[in-house]
Amino acid sequence: MKAAMRRLAFVLATVLTVAIGLSPLAAVAVDDPSEMLPDARQEARAQAIGSQLRCLVCQNESIEDSSAGLARDLRHVVREHVAKGESDRQIMDWMVGRYGNFIRLSPPLTAGTVLLWVMPVLALLVGGLVAFLSFRRTRGSGPAPLSDDERTRLTDLT
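Given the structure is predicted, the values throughout are model-derived calculations rather than measurements. (Residues numbered from 1 in each chain as written. Predicted model: local features only at pLDDT ≥ 70, side-chain atom pairs only at ≥ 80, totals over all residues. Heavy atoms only, no water.)

### Quick word on the packing of aromatic side chains
The criterion, for reference: Any two of the Phe, Tyr and Trp rings considered here, Trp counted by its six-membered ring, make a pair once their centres fall within 6.5 Å; the pair's planes then place it as stacked at under 30 degrees, edge-to-face at over 60, or tilted in between. For a lysine, the NZ atom is tested; for an arginine, the CZ atom; a charge sits over a ring if that atom is within 6 Å of the ring centre and within 35 degrees of the ring normal.
Under the criterion given, the structure shown has zero aromatic pairs. Across from the ring centre of phenylalanine 102, 4.6 Å away, lies the NZ or CZ of arginine 54, which sits over that ring.

### Considerations on the side chain of glutamate 64
The test is simple: Strands are runs of DSSP state E lasting at least two residues, helices are runs of H or I lasting at least four, and both sets are numbered from the N terminus onward. Nitrogen and oxygen atoms within 3.5 Å of one another constitute a polar contact, given that in protein one can donate a hydrogen and the other can accept it, and given that sequence-neighbouring residues count only through two side-chain atoms.
Locating glutamate 64 in the fold gives a position in the loop between helix 2 (40-50) and helix 3 (69-84). A polar atom in the side chain of glutamate 64 sits 3.2 Å from the side chain of arginine 79.

### Section: the pattern of salt bridges
Stated precisely, the cut-off is as follows: Take a side-chain nitrogen of Lys or Arg and a carboxyl oxygen of Asp or Glu: if they are within 4 Å of each other, that pair is a salt bridge. Only protein chains enter the area calculation, which uses a 1.4 Å probe; residues under 20% of their type maximum are buried, those over 50% are exposed, and those in between are partly exposed.
As enumerated under the stated definition, the model contains four salt bridges in all. Across the salt bridge formed by aspartate 88 and arginine 45, the nearest N and O atoms sit 2.8 Å from each other. Of this pair, aspartate 88 sits in helix 4 (residues 88-99) while arginine 45 sits in helix 2, and the two are 43 residues apart along the sequence. A relative accessible area of 36% places aspartate 88 in the partly exposed class. Two residues, aspartate 148 and arginine 151, come together in a salt bridge whose shortest N-O distance is 3.4 Å. Here arginine 151 and aspartate 148 lie together in helix 6 (residues 148-157), a separation of three residues that amounts to about one turn.

Right, dumping it as structure tokens:
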């Protein structure tokens, strides 16, 4: 009897440990179950789209992971568009048109983003070149040679 109770306690502890360990994997910030779409495929699409959109309040979380009020509103908008039957691209284009590329967690490679990545490197290169040229200019040229008057004055002083 005691062995059976121990085994049951062990099994229950194991099940609880696994359930608690796996619960963050299924965590979604949907505050109210009524927010979710009744069709499981549409809900999965809405979550996939929402995971690509940045919460404008938290900024480093997707709207699916954030519990901010604005993220809740954006999740609702995404689900409305999915329910209307719009494509993923149409929904993303609508969001970008409304909030700019900042709404994307992974913005597309454009001239502006390339410039953002290249400017620090260019600044370092230009700064290094200026430092090199100014150091070379001061190191390479010594003082001007003394004129005859200056030499005579120097010998008079010593």
